[in-house]
Every structure is written in structure tokens, then in C-alpha cells.
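Per-entry structural report
Listed below, chain by chain, are the residues.
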Amino acid sequence: VIFKMAARLALLFVAALAAQCTGFAFDDAWRARELAKVPELVTLNAPFTPFYANANQSLDVDVVPALAANAKALGVNTIWVGGGMGQFETLSVSERQILAAKWVESAHRHGMYVIVHVTTLVLSDAIELARHAASVGADAVACLPPYYNQPPTLELLFQYLKPIAAAAGSLPMFYYHLPAMTHYNPSIFQLLSESIKQLPSLLGIKYVGSDMSDWFNTVQTFNASHVLLFAPEPKLQAYGVGHGRGAVLAEDFYAATFLRMHYAYLRGQYSAAWAETKWKQSAEDVFNAFGGAAAKREVYKVYCDVDMGQPRLPAAPYDAARFSALVTALNGVSFFNRTLPPTDFL
């Protein structure tokens, strides 16, 4: 026990020292190189984590290659590993490392950009996860703010993020802005303004906030220098103020409707863009009637013959007896046909 405590203290010390003393230049040339690696129009999937149907609901990474191939086929180009939909808070550090390594390997095989989410409430664990992500070839790491004791100032937030970013070496960091869950809602415009000096490896924002004024100010100033990804629904609301670099689809099967909406809007076909938004809501209504996120895990049986297993507690389990009725209801809104990607846009 003493050895483990000493090792963790040493890890924190080394990471903090690296954050202050790293010789790596996060300069304009680095930023240009990293921006060039990110897809021009991001379609981001934050995949569900697959579990075996055993007593421990152990991690099932054997199906990740099939999930990666399915995501690519549906129009996804970016993977966000171990996020909220992936139930990161229920996974051990070792499970998250195994999951990250498998997704990096599998997604890169299909040319997808991979961001590994490393948040934990234990800073040394987040540092360890960031270092591991870099070691297995991730393209970037991502982090939420501390979500139990929130930092009262941006300065303290940066102090928390710096050793995590340093542990990732030359990889860029994405900030995960999720105020509804973290109860921490800094101005993203101000955060990016101060990050230029405080955290120069900060390359992107996954924006799951509701402050459209903050989003507008952020996009107007930082869209060329950062990867700004919009998550709230409806996605169409961002287009009046600036849609950033792409969208957080969350589920891979919504890539096609996003792409149709995006290009319809850019062509001035506003009725078609609104129709895509309305259709997505009709699909969401079906899922909500059958259990929400737990029901969404079931559709991979249809797409790629993958059983994702039940979600881990405290998420509610899915009633498997309703699967046939779910598929019937989804067919009623042409779900599986409408989620095929528009190949002329890919």
C-alpha cells in the first residue's frame, strides 16, 4: 500500500514538473499540424461500451472491431472513447485502458480520428489514462472539469488540467463542456482566451452547453484555430450563429441525417434541413418509449449482429422481451433505411 501511494505521488510530481518544464513547442506549426489531422467536417460517435451478459458484466472488447466498422459504414469519422454514453464512471482504470487500446486499433484501421476521454475524480488516475492513451496511439485526449468539487477560478481549472495534458505528451487536449452533469459552467470563450497562455495544447471543445451567446462568441473568434464541436439538440440551431467544425452525433446511426441536414442547409434547402431535424426527433421518440439509451444499445443486433449487453448500474436495464416491438416501431419511422449514409457526401 505504501509503495502504491509513493508511486502515485511520484506520478503526480513528474506530470506537474512536465507541465511546467516540457520542451515541446505547442506553437502555430504544431496547431496547424494537429488541425490538419482532424476531419474537415467532424461526425463524432461516442460509442456505448459493450458488456458480457455475466454476473460481473465484464468488458467485451472482442466486438469493438465490428462496432468500428459499423460506425465507419454509417458515416462516422471521429470516435470519442469512454465518454458519458460509454459509462466511463462505471469502468475501472484498467478497463478504460483496455477499451481505449482496442478502439484506437480498430478505428484507425478505418481511418477514423480517435479522442480518448480520461476524466476521473482521482487526478493521478486521469494522468495515468492520458499517458496510456498517448502510448497506444490515440490522436487526442479529452477531459471534463472536476465535477464534485468544482474549481472556483479558471486558474485552478488550468492547474487541474495541466498535468493531464502534460502526461499526453504532444497530443492535443479537448475540453468536455457538460454543465448539466458537472454543474460547472465557465465561459468557453474566456476559457479559450486564457488557454492560449495557460494550456496551449487545448485544441478543441465538445460543447454540450445551452448558452448560445457563449457558443456564438466562441465560434466567431476561435473557429479557425480550434476544433469546436456542437452537441445540443436540435443541431440546426447552431447554423444561425456558426456551426463550428462539425457535430457530436453521440450515436453513430445519426451520421446520415446530420449530413443531409448540413448540406441541405448550406444549399439553402431549409425545408429539407428542417425535415431531417423533425425525422430525428421522431426516431428519438421511439427510443424514449422503449427505454432510451438502453434501447439504443439493442439496434446493433440489427446493424452488425453485436449484442452490447445490458448497461451497468445505475442505468436501468432493457427489457429484452420488447426487442421485436422496438424494431417494428423503428421500421415505422424508416429508421434503418434513413440511417444509411448519403454516399455522395462522404
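Placed above this text is the structure.
Residues numbered from 1 in each chain as written. Predicted model: local features only at pLDDT ≥ 70, side-chain atom pairs only at ≥ 80, totals over all residues. Heavy atoms only, no water.

**Remarks on helix α10 (residues 255-266)**
The line we're drawing: For the purposes of this entry, the term helix denotes a DSSP run of H or I that reaches at least four residues, the term strand denotes a run of E that reaches at least two, and both are numbered from the N terminus. To estimate how far a helix should extend, the number of its residues minus one is multiplied by 1.5 Å. Exposure classes here rest on a 1.4 Å probe applied to the protein chains alone. A residue is buried below 20% of its type maximum, exposed above 50%, and partly exposed in between. Here, residues are in contact when the closest pair of their heavy atoms is within 4.5 Å.
With twelve residues, α10 should reach 16 Å at 1.5 Å per residue; the first-to-last C-alpha distance of 17 Å fits that figure. Residues Ala 255, Ala 256, Thr 257, Phe 258, Leu 259, Met 261, His 262 and Ala 264 constitute the buried set of α10. Those residues of α10 that are buried are in contact with β1 (42-45), α3 (64-74), β8 (246-250), α11 (270-289) and α15 (335-338). After α10 finishes, the residue Gly 268 shows a positive phi value of roughly 80°.

**Considering unusual backbone geometry**
Note the cis peptide between Glu 233 and Pro 234, where omega equals -5°. Of note, Pro 234 is situated in the loop between β7 (227-230) and β8. Look at the link from Leu 313 to Pro 314: it is a cis peptide, with omega at 15°. One non-glycine residue with positive phi stands out, namely Ala 250, at about 70°. Within the fold, Ala 250 resides in strand β8. Accessibility expressed as a relative area gives 16% for Ala 250, which makes it buried.

**A look at the packing of helix α4 (residues 93-108) against helix α5 (residues 123-135)**
Helix packing for two helices is described by the angle between their axes and how far apart those axes are. As a reminder of what qualifies: In this analysis, axes come from line fits to C-alpha atoms, helices being fitted only over the stretch in contact, and the angle between any two N-to-C directions falls in the range 0 to 180 degrees. When describing relative orientation, an angle under 35 degrees is termed roughly parallel and one over 145 degrees roughly antiparallel, while 65 to 115 degrees is termed roughly perpendicular and anything else oblique. Handedness of a crossing is defined here by the sense of rotation of the near helix relative to the far one, left-handed for an anticlockwise turn of less than a right angle and right-handed for a clockwise turn. The classification used treats Ala, Val, Leu, Ile, Met, Phe, Trp, Tyr, Cys and Pro as nonpolar, Asp, Glu, Lys and Arg as charged, and all other residues, Gly among them, as polar.
Across the interface, α4 lies against α5 with an axial gap of 10 Å and an inter-helix angle of 20°. When the interaxial angle is binned, α4 and α5 end up roughly parallel. You can see that α4 and α5 cross each other, and the crossing is right-handed. Here Val 93, Arg 96, Gln 97 and Ala 101 of α4 lie close against α5, whose contacting residues are Asp 125, Glu 128, Leu 129 and His 132. In terms of residue class, the contact of α4 with α5 is built from three nonpolar, two polar and three charged.

**Section: the pattern of salt bridges**
Convention followed: Put simply, a salt bridge is a Lys or Arg side-chain nitrogen that is within 4 Å of an Asp or Glu carboxyl oxygen.
A complete count under the given rule lists ten salt bridges for this structure. Residues Lys 235 and Glu 233 are paired through a salt bridge, measuring 2.6 Å at the closest nitrogen-oxygen approach. The partner of Lys 280 in a salt bridge is Glu 233, and the shortest N-O contact between them spans 2.5 Å. With a gap of 47 residues between them, Lys 280 in helix α11 and Glu 233 in the loop between β7 and β8 connect regions that are remote in the sequence. The exposure class of Lys 280 is buried, given its relative accessible area of 12%. Using a relative accessible area of 44% as the deciding quantity, one classes Glu 233 as partly exposed.

**A closer look at the environment of Ile 79**
Here Ile 79 shows up in strand β2 (residues 78-81). For the pair formed by Ile 79 and Leu 154, sequence separation is 75 residues and the distance between their alpha carbons is 28 Å. What Ile 79 contacts, discounting residues up to four positions off in sequence, is Asn 45, Pro 47, Ala 71, Trp 103, Ala 107, Met 112, Tyr 113, Val 114 and Ile 115.

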